Amino acid sequence: MSAWPVVLGVLAGHTAAVAGALLASWPYVSAGRPLLLPPLADAVFLTAMTTAGMVVGRLVRWRLAAPALAVCAYVVLGFPTYQSAAVRFLSPAAAPALPALPVWWQPFAMAAWTGGLAAAAVVVHTARRRRYAALLPLAVAVAAAVPVVRTGAGMWHPDPLQKAQVCDDSSPRVCVNTLDRGLLPEVSRALSGVTGRLAGVANVPVRFEDLHRAPHHDEAQLPQLYLGQSVVRGELADPQRFAWEAAAGLVSRECDVTRADRTDAAVRDWLVSNSLSRRRREAEAARARQWGDQAAVARAEADARALTRLAAMPDARRRAWLGRYFATAGSCDGNGGPAL
């Protein structure tokens, strides 16, 4: 009974944290639904840890028992996460990379595992004449641990929404993962300059996609949408940088082709044509002049002339030139593709 006030206080704090997280993120969630069972399994775990701590406090009459137990628990819970064996998933701290959904029985199994161990410890400590009664919760814990260890990482599976894409009607099309469909207008707006300048150009990818695999020849990969970094509160944190990275990925090569570097940079900066791209070029040129690096100054001036030549082409001629360029974009052939 002495543990209940502490347990209720811990559960109240946990409930407030879960509710606060749900309310804070609710306006920015694109798809999916809240998962209620994992927080309930966490509540059972917190209850188990609290009651187990009370048992240790009864057995160890030492003022520093509580912080020492907290440190030990932190190590015990965290150490398995650095292991490769499936037994690591017995730690509530172990979970695969998100986004992933647990199988329906995973929260129940973890609640039975952690709750069973704590219940056994409480029964052993309090039911001095009937300690054999602890065998029942211990058996429940062991029975729950068996499928957890046997299944391992299989207890989580990819969200079905992650396998699908939702696209706009631009050309090339801009597509995002269905989990991020609420971001599609924002991403389309950020790339509108790039897709607008690619309209009517031959040999370009038919769509930009938020891929978790290597892109096909007719696909271009979008920059990753990292929640809390590139995406903050349901919006792109830096749309200009996002557009620049998308264009850079479009002209990137898996090898170093010095002859094509200037052409690639010119195409990238013309496609983006935003203030970020201009500031990057100006900063590189200013840094080269400040350091007195004449070779770098000459390269910056040559890069600027290449971009000016591309921008000065008549539209029809530029579209034809870009078509020839994208026919060999990404190639490691130093002699392939048109030059500026």
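Up top is the structure.
Each residue is numbered by its place in its chain's sequence as written, counting from 1. Note on the predicted model: pLDDT of at least 70 is required for a residue's local features to be given, and 80 or more for side-chain atom pairs to be given and counted; whole-chain, interface and lining totals, by contrast, use all residues. To get the side-chain values, all heavy atoms of the structure are used, and hydrogens and water are removed first.

Student: Requested: an account of the overall build of the chain, with residues and values cited.
Tutor: Counting secondary structure elements, the chain contains 12 helices and 8 strands. The quantity called the radius of gyration is restricted to C-alpha atoms. Its globule counterpart is 2.2 Å times the number of residues to the power 0.38. Its C-alpha atoms give the chain a radius of gyration of 29 Å, clearly above 20 Å, the size a compact globule of 340 residues would have. Dimensions of the chain, computed from C-alpha atoms along their principal axes, come out at roughly 95 × 45 × 35 Å. Per-residue accessibility, obtained with a 1.4 Å probe over protein chains only, is compared with the maximum for each type, and a residue is labelled buried under 20%, exposed over 50%, and partly exposed between these values. Counting every position in the chain, which comprises 340 residues, the buried fraction comes to 35%. Throughout, a contact is declared for two residues whenever any of their heavy atoms are within 4.5 Å. Contacts in the chain between residues at least 24 apart in sequence constitute 64% of all its contacts with a sequence separation of at least 6. Where accessible areas are quoted, they stem from the Shrake-Rupley method and a 1.4 Å probe; at the residue level, only the protein chains shown are allowed to cover. Just so you have it, the chain exposes about 20,000 Å², and 60% of that area is on carbon and sulfur atoms. Charged-residue counts in this description rest on Lys and Arg as positive and Asp and Glu as negative, His and the chain ends being excluded. Here the site of a charge means atom NZ of a Lys, CZ of an Arg, CG of an Asp or CD of a Glu. Averaged over its 36 positive side-chain charges, the chain has a centre that lies 11 Å from the centre of its 25 negative ones. Under the DSSP-based scheme used, a helix requires at least four consecutive residues in state H or I and a strand at least two consecutive residues in state E, with every element numbered from the N terminus.

Student: Can you break down the packing of helix α1 (residues 4–25) against helix α2 (residues 37–59) residue by residue, with the values?
Tutor: The axes used here are C-alpha line fits, helices contributing only the stretch in contact, and every angle between their N-to-C directions lies in the interval 0 to 180 degrees. Here α1 crosses α2 at 150 degrees, and the two axes come no closer than 9 Å. Judged by the angle between their axes, α1 and α2 are roughly antiparallel. Taken as a pair, α1 and α2 cross one another with a handedness that is right-handed. Residues V6, V7, V10, L11, H14 and V18 of α1 form the contact with α2, whose own contacting residues are P39, D42, A43, L46, T47, T50 and T51. Of the residues in the contact of α1 with α2, the class split is 8 nonpolar, 4 polar and 1 charged. Oblique is the label for every angle not falling under 35 degrees (roughly parallel), over 145 degrees (roughly antiparallel), or within 65 to 115 degrees (roughly perpendicular). Throughout, a crossing is termed right-handed when the near helix is turned clockwise from the far one, and left-handed when it is turned anticlockwise from it by less than a right angle. Amino acids are sorted into nonpolar (Ala, Val, Leu, Ile, Met, Phe, Trp, Tyr, Cys and Pro), charged (Asp, Glu, Lys and Arg) and polar (every other residue, Gly among them).

Student: Summarise the pattern of salt bridges; cite the residues concerned and give the values.
Tutor: We define a salt bridge as a side-chain nitrogen of Lys or Arg found within 4 Å of a carboxyl oxygen belonging to Asp or Glu. Under the counting rule described, the total for this entry stands at 8 salt bridges. The salt bridge involving R207 is made with E209; its shortest N-O contact spans 2.3 Å. By relative accessible area, R207 is classed as partly exposed at 23%. Exposure remark for E209: the relative accessible area of 5% places this residue in the buried category. Here R318 and D315 are joined by a salt bridge, their closest N and O atoms 2.6 Å apart. Note that R318 and D315 are positioned in helix α12 (residues 315–327) at a spacing of 3 residues, about one turn of the helix. Because the salt bridges share partners, they merge into one network encompassing R207, E209 and E219.

Student: Give me the state of the cysteines: which residues, what numbers.
Tutor: Only a pair of cysteine sulfur atoms within 2.5 Å counts as a disulfide in this structure description. All told, the structure shown has 1 disulfide when counted by the stated rule. C167 shares a disulfide with C175; S-S distance 2.0 Å. Because the sign of the S-S torsion sets the handedness, a value of about 105 degrees for the bond joining C167 and C175 places this disulfide among the right-handed ones. Note on C167: relative accessible area 27%, which makes it partly exposed.

Student: Tell me about helix α10 (residues 275–291), and please be specific about residues and values.
Tutor: Counted at 1.5 Å a residue, the expected span for α10 with its 17 residues is 24 Å, and the 24 Å between its end C-alpha atoms agrees. Here α10 has its buried residues at S275, L276, S277, A285 and A288. Throughout this description, a polar contact denotes any pair of N or O atoms lying within 3.5 Å of each other; where both atoms belong to protein, one of them has to be capable of donating a hydrogen while the other can accept it, and for residues adjacent in sequence the pair is counted only when both atoms sit in side chains. Taking the backbone nitrogen of L276 as reference, a side-chain oxygen 3.2 Å away marks N274 as the first, capping residue of α10. Of the residues flanking the end of α10, it is G292, one or two places downstream, whose phi is positive at about 70 degrees. Take the residue count of a helix, subtract one, and multiply by 1.5 Å to get its expected span.

Student: Can you tell me about the side chain of T114, naming the residues and giving the values?
Tutor: Residue placement: T114 occurs in helix α4 (residues 106–126). Excluding anything up to four places from it in sequence, T114 contacts V44, F45, A48 and P92.

Student: So what's going on with the nonpolar core? Which residues, and what values?
Tutor: Counting residues in each nonpolar core, the largest one holds 39 residues, and the members touching the most others are V187, L191, F208, V267, L271 and F326. For this core, the secondary structure elements donating two or more residues are β4 (173–177), α6 (184–190), α7 (192–198), α8 (239–251), α9 (258–272), α11 (294–312) and α12. Broken down by element, this core gets its largest block of residues, 8 residues, from α8. Not counting residues up to four positions away in its chain, the partners in contact with V187 are V174, V176, L222, L225, L236 and F242. Take the buried Ala, Val, Leu, Ile, Met, Phe, Trp, Tyr and Cys residues and link them wherever side-chain atoms come within 4.5 Å; each set so joined is a nonpolar core.

Student: Describe the side chain of T50, and please don't skip the residues or the numbers.
Tutor: With respect to the helices and strands, T50 occurs in helix α2. Leave out the neighbours within four places in its chain, and T50 touches V6, V7 and V10.

Student: If you had to explain the pairing of β4 to someone new, which residues and values would you point to?
Tutor: For a regular strand, side-chain orientation follows a simple rule: the groups alternate between the two sheet faces. Across the 5 residues of β4, 4 count as buried, placing the element largely inside the fold. Summarising the sheet, strand β3 (residues 165–167) and β4 pair through 3 bridges and their orientation is antiparallel. By the bridge assignment for β4, V166 is matched with V176. In this scheme, strands are said to pair when DSSP sees at least two bridges between them. The hairpin formed by β3 and β4 contains 5 residues between the paired strands.

Geometry only, nothing functional implied.
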